[in-house]
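If you want the building blocks of each chain, they are given just below.
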Amino acid sequence: MNEMVGTLAPAAEQPDREVARAPSASTQELIHRDGRPVPPVFEESPYRFLGDGDIAYDRYTSQAFFDLEMERMWSRTWQWACREEHIPEPGDWIVYDIGDKSVLVVRGDDGEVRAFINSCMHRGTKLRRSATSGHSSELRCPFHGWTWSLEGDLKRLPCRWDAPHVSEQTHGLDPVRIGLWGGLVFINLDRDAPPLDDYLQPLQRHFAPYGLEKRYIEMHIEKELFCNWKAGIEAFIENYHTQETHPQLLTANADEGTQYDLFTPIVTRFVSANGMSSPHLEEALGENELIESMLIGARSMVDDDLLKVGEGESARIVLARVMRDVLGRVYRTDLSRYTDTEIIDVAQYSVFPNMILFPGLTLPALYRFRPIGNDPDRCLFELLILREPPADGPTPEPAEPIRLTEEQSYAEAGLDPFLAHIYDQDTGNLRAQQEGFKASRKQGQTLLNYQEARVRLLHQTLDAYLDGETPLRFAD
Ligand code: FES
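These notes cover the structure that comes with them. From a predicted model like this one, the values you see are computed outputs, not experimental measurements.

1. Some remarks on the sheet that holds strand S9 (residues 154-156)
With antiparallel pairing, the 3 strands of this open sheet are ordered in space as S7-S8-S9. Two strands bound the open sheet, and with one partner strand each, they are strand S7 (139-140) and S9. Judged from the 2 bridges that link them, strand S8 (residues 147-148) and S9 form a sheet pairing that is antiparallel. Bridge pairing links threonine 147 to arginine 156 in S9.

2. Structural notes on the packing of helix H9 (residues 287-294) against helix H11 (residues 315-330)
Each pair of packed helices can be described by the angle between their axes along with the distance between the axes. In the contact formed by H9 and H11, the axes pass within 9 Å of each other and the chain directions differ by 30°. Regarding H9 and H11, the two cross each other, and that crossing is right-handed. For the pair H9 and H11, contact is made by Glu287, Leu290, Ile291 and Met294 and by Ala315, Val318 and Leu319, respectively. Per-class residue counts for the contact of H9 with H11 are 6 nonpolar, no polar and 1 charged.

3. A closer look at the sheet that holds strand S14 (residues 267-272)
In spatial order, the strands read S13-S14-S15-S16-S17-S18-S12-S19; together these 8 strands make up an open sheet with mixed pairing. Every other strand in the sheet has two partners, leaving strand S13 (259-262) and strand S19 (402-404) as the edge strands with one partner each. Geometrically, the sheet is characterised by an average inter-axis angle of 15° between neighbouring strands, direction not taken into account. Sheet topology places strand S17 (residues 365-371) next to strand S18 (residues 379-387); 7 bridges connect them, and they run antiparallel. Note that in S18 the partner of leucine 366 across the bridge is leucine 384.

4. Let's talk about the layout of surface pockets
Here the second largest pocket defines a volume of roughly 940 Å³. His86, Ile94, Ser133, His220 and Pro401 are, among the 45 residues lining the second largest pocket, the residues nearest its centre. Listed by contribution, the elements that provide at least two residues to the lining of the second largest pocket are strand S2 (79-83), strand S3 (92-98), strand S6 (133-135), strand S12 (216-225), S17 and S18. Looking at the lining of the second largest pocket, the element that brings in the most residues is S3, giving 7 residues. Partitioned by chemical class, the residues of the lining of the second largest pocket number 19 nonpolar, 10 polar and 16 charged.

5. With respect to the pattern of salt bridges
Scanning all chains against the criterion turns up 33 salt bridges. Two residues, aspartate 110 and arginine 114, come together in a salt bridge whose shortest N-O distance is 2.6 Å. Look at aspartate 110 and you get partly exposed, because its relative accessible area is 45%. Aspartate 392 serves as the salt-bridge partner of arginine 332, at 2.9 Å between the closest nitrogen and oxygen. Residue arginine 332 is found in the loop between H11 and helix H12 (340-344), and its partner aspartate 392 is found in the loop between S18 and S19; the two are separated by 60 residues along the sequence. If you follow the salt bridges from partner to partner, you end up with Glu222, Glu224, Arg378 and Arg403 in one network.

6. Regarding empty space enclosed by the protein
Applying the stated rule across the entire model yields 6 cavities of 30 Å³ or more. Volume-wise, the largest cavity comes out at about 100 Å³. Taken together, 13 residues make up the lining of the largest cavity; nearest its centre are Ile266, Thr268, Ser350, Phe352 and Leu458. Mapped by element, the contributors of at least two residues to the lining of the largest cavity are strand S15 (346-351) and helix H14 (453-466). Within the lining of the largest cavity, the residues separate by chemical class into 10 nonpolar, 2 polar and 1 charged. Empty space within the second largest cavity amounts to approximately 70 Å³.

7. Concerning the environment of alanine 411
Position of alanine 411 relative to the elements: it lies in the loop between S19 and helix H13 (417-439). Judged by relative accessible area, alanine 411 falls into the partly exposed class, the value being 37%. For alanine 411 and proline 23, which are 388 residues apart along the polypeptide, the C-alpha to C-alpha distance reads 37 Å.

8. Concerning the environment of threonine 170
Position of threonine 170 relative to the elements: it lies in the loop between S9 and strand S10 (175-181). Linking threonine 170 and glutamate 407, residues 237 residues apart in sequence, is a C-alpha distance of 48 Å. Apart from residues no more than four positions distant in its own chain, threonine 170 is found in contact with Met121 and His165. Within the structure, the side chain of threonine 170 is placed 2.6 Å from the side chain of histidine 171, a separation counted as a polar contact.

9. Here we look at the pairing of S2
Burial analysis of S2 places 5 of its 5 residues in the buried class, the great majority of the element. With 4 bridges joining them, S2 and strand S11 (residues 184-188) adopt antiparallel strand pairing. Bridge pairing links cysteine 82 to valine 185 in S11.

10. A closer look at unusual backbone geometry
In terms of backbone geometry, most residues other than glycine have negative phi values and most peptide bonds are trans. For the bond from glutamine 201 to proline 202, the omega torsion is 5°, close enough to zero to count as cis. Mapped onto the elements, proline 202 comes out in the loop between helix H5 (196-200) and helix H6 (203-207). Looking along the chain, the bond that leaves phenylalanine 352 and enters proline 353 is cis, with omega of 5°. If you trace the backbone, proline 353 turns up in the loop between S15 and strand S16 (355-357). Backbone geometry places alanine 131, a non-glycine residue, at a positive phi of 55°. Among the residues examined, alanine 131 registers a relative accessible area of 67% and is labelled exposed. Unusually for a residue other than glycine, cysteine 159 sits at a positive phi of about 60°. Following the sequence through the fold, cysteine 159 ends up in the loop between S9 and S10.

Rules behind the numbers
- Residues numbered from 1 in each chain as written.
- Predicted model: local features only at pLDDT ≥ 70, side-chain atom pairs only at ≥ 80, totals over all residues.
- Heavy atoms only, no water.
- Pairing = 2+ DSSP bridges.
- Helix = DSSP H or I, 4+ residues; strand = E, 2+ residues; numbered from the N terminus.
- Axes fitted to C-alpha atoms, helices over the stretch in contact; angles between N-to-C directions.
- Left-handed = near helix turned anticlockwise from the far one by under 90°.
- Contact = heavy atoms within 4.5 Å.
- Nonpolar A, V, L, I, M, F, W, Y, C, P; charged D, E, K, R; others polar.
- 1 Å grid on protein atoms, 1.4 Å probe; cavity = no way out; pocket = protein on both sides within 12 Å on 5 of 7 lines; lining within 4 Å.
- Points joined across faces, edges and corners; volume = space filled by probe spheres on them.
- Salt bridge = Lys/Arg side-chain N within 4 Å of Asp/Glu carboxyl O.
- Buried < 20%, exposed > 50% of the residue type's maximum accessible area, 1.4 Å probe, protein only.
- Polar contact = N/O pair within 3.5 Å; in protein donor to acceptor, adjacent residues only side chain to side chain.

Given below as structure tokens:
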């Protein structure tokens, strides 16, 4: 990689830091405290000390570093381009853009999903404009009318007599690799990339109970942010900022004990327990106060009998019972198969470079962060809510995306006001951080060893890609 920008200090040899944990109760202690069943995947907690050198600010601000990411990382990593529900019928298509690159994802006549470079094989015109979707029986270029089948085969070109050097063999659309998982269509611009199945491990096993492929898009918000794409995703993969940025969450989130799991250089997770007050709160809430604080907005839907705290019951047990009932009724589905921790706690997975996924039911969200154009200072954050379909009726159509400017609140797109306020709090931080990167006379950001390990790993994985490696597993 280019040594001039964004180099990382090497990992230090300090094995004692492998076990550094908060003095307060850990997620593992809290989710086992009530004696309720806990899915085995929640008990997996691989972690390693990754070093403690500063992360250079020019990684977030330099156009040269951004260009290097485009050339060596975005061109070689798997990225989710759309949900399968975006292109359910033969002839449905959607455009996925990353920087200057543009990919056309198409459902063929045979029902198969394919992807092609979104550029005409005649003189390069984009076959479909950026950020659009639609339906057509064939793929026809708007400039001179060259036309391909949905499978990418050249069917027609006007004045064929003048192009004896053009054939189906030489001018079929340029195919892009795709992979399917969980109802998501992934693309990879690298013809030699390892299979998606290898890339996503162990996500498949962890998400097996949740039927992600059956869920539908209930809400899709696109939010323009003034920050580098990495700063955008990094603000969501640590729970350390909650004590300062989201103090309203401290009443019922054990933020300090949050568990951070580094499964591979690609897949990481945090698990955070709810229904317990934060140790950062001066005075912990009582069980009844905890229950009330977590039912904001849903209190009127709750049967009073379910709220009674029985002998030996904690707020967590009551909350799980209540949420199972409320969510089950709202979404007309039986949630008895889920454990308490799956119902009320937060498990949040990330897949390098830009995807975050929540399997849970209270916030079944999917995130994506992408640069806006080639601007290191701006990114597009997409927030999708993927709901379980009703057991007794048709699956709703996917929601259309609603685009918000930086100044607009998430509430304007219909997000619950309590949640919208939380996301709005993050927006302000991100602009301040991007501007602070440039104002600083310190050369880089200093990270916490455990709580911000996912941030550091993102940079180490990125560096491996910039060095031409494909880091799917840790070396040792
Ligand atoms: Fe596409 Fe000419 S540029 S047909």
